[in-house]
Amino acid sequence: TSSRGKASAKLTEAEAEALVREAAELHLRAEETELVRARLSEAAAWKAEVGAALGATSGVGVEALQQMERLHARGEQELNLALNELGVLEARVGESHRWIESAKAALEGSSCREPAELVALMGDGRRLGLALPEMQQLAQSLKESEWAEQAQAAVDEATTLEVLEALSEQAEHQPTGRVSALAE
């Protein structure tokens, strides 16, 4: 049985291997057979690289994300095979980019900066294994939001001088924009 009827679609690895076996059974030594073997070898090396890149469950920084993007592009453009890893890479890169967009929106203040939302966003980043600058920025923003809630509660309620002094001490370590908003 021949898989040649699928010339217009990308072949799977199994289909390409079947073509190579079929050519060997027919004792064909066509240049195309050697090209398929070479492509399968390239695909195996690419899959090993993808496995290493996707195997990172933490510490996925800017460079690692860019490496995944390059691997995806190379798999799509150069290998011309239907590989499951392409979908996995695409999903991982897409999730990471969507997380980055959400983090930037939260940091820019265009989305709500409630502590629970920041904690959830940071949890999503950890689940993805991200170690991007936005993770540290979100942690700082969370500290600021928590401090602001404590300070607002102290201002709204009768409180002791010790509590106000402690908040004042903490305010010295906060960016001035968050502290001045409470003074209004």
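Given the structure is predicted, the values throughout are model-derived calculations rather than measurements.

Chemist: Mind showing me how you'd approach the packing of helix α4 (residues 84-108) against helix α5 (residues 115-127) here?
Modeler: Angle between the axes and distance between the axes: these two values describe a pair of packed helices. One way to put it is that α4 packs onto α5 with a least axis distance of 10 Å and a crossing angle of 155°. Considering their axes alone, α4 and α5 lie roughly antiparallel with respect to each other. For the element pair α4 and α5, the recorded crossing hand is left-handed. Residues Glu95, Trp99, Ser102, Ala103 and Ala106 of α4 lie in contact with α5, whose contacting residues are Leu118, Leu121, Asp124, Gly125 and Arg127. For the contact of α4 with α5, the residue count by class is five nonpolar, two polar and three charged.

Chemist: Which parts of the structure should I look at to understand the nonpolar core?
Modeler: One broad trend across soluble globular proteins is that nonpolar side chains are buried collectively. Core analysis: the largest hydrophobic core is formed by 31 residues, its most contacted members being Trp46, Leu81, Leu83, Trp99 and Leu138. Mapped by element, the contributors of at least two residues to this core are α1 (13-25), α2 (31-55), α3 (62-79), α4, α5 and α6 (133-156). Here the element with the most residues in this core is α4; it accounts for seven residues. Residues contacting Leu138, with those up to four places away along its chain left out, are Trp99, Ala103, Ala106, Leu107, Leu118, Leu121 and Met122. Trp147, Ala148, Leu167 and Ala171 belong to the second largest nonpolar core, which has six residues in total.

Chemist: Please explain the pattern of salt bridges as it appears in this structure.
Modeler: Pairs may arise between side chains of opposite charge once their charged atoms sit close together. Tallying each qualifying case throughout the model produces six salt bridges. Of the charged contacts, one joins Arg39 and Glu42 as a salt bridge, the two residues approaching to 3.8 Å between their closest N and O atoms. With Arg39 and Glu42 both in helix α2 and three residues apart, this pair spans about one turn of that helix. Under the relative-accessibility criterion, Glu42 is labelled partly exposed at 38%. Note that Glu95 is salt-bridged to Arg127, the shortest N-O span being 3.4 Å. Linking Glu95 in helix α4 with Arg127 in helix α5, this pair joins segments that are 32 residues apart in sequence.

The rules behind the values
- Residues numbered from 1 in each chain as written.
- Predicted model: local features only at pLDDT ≥ 70, side-chain atom pairs only at ≥ 80, totals over all residues.
- Heavy atoms only, no water.
- Axes fitted to C-alpha atoms, helices over the stretch in contact; angles between N-to-C directions.
- Helix = DSSP H or I, 4+ residues; strand = E, 2+ residues; numbered from the N terminus.
- Parallel < 35°, antiparallel > 145°, perpendicular 65-115°, else oblique.
- Left-handed = near helix turned anticlockwise from the far one by under 90°.
- Contact = heavy atoms within 4.5 Å.
- Nonpolar A, V, L, I, M, F, W, Y, C, P; charged D, E, K, R; others polar.
- Core = buried A, V, L, I, M, F, W, Y, C linked by side-chain atoms within 4.5 Å.
- Buried < 20%, exposed > 50% of the residue type's maximum accessible area, 1.4 Å probe, protein only.
- Salt bridge = Lys/Arg side-chain N within 4 Å of Asp/Glu carboxyl O.

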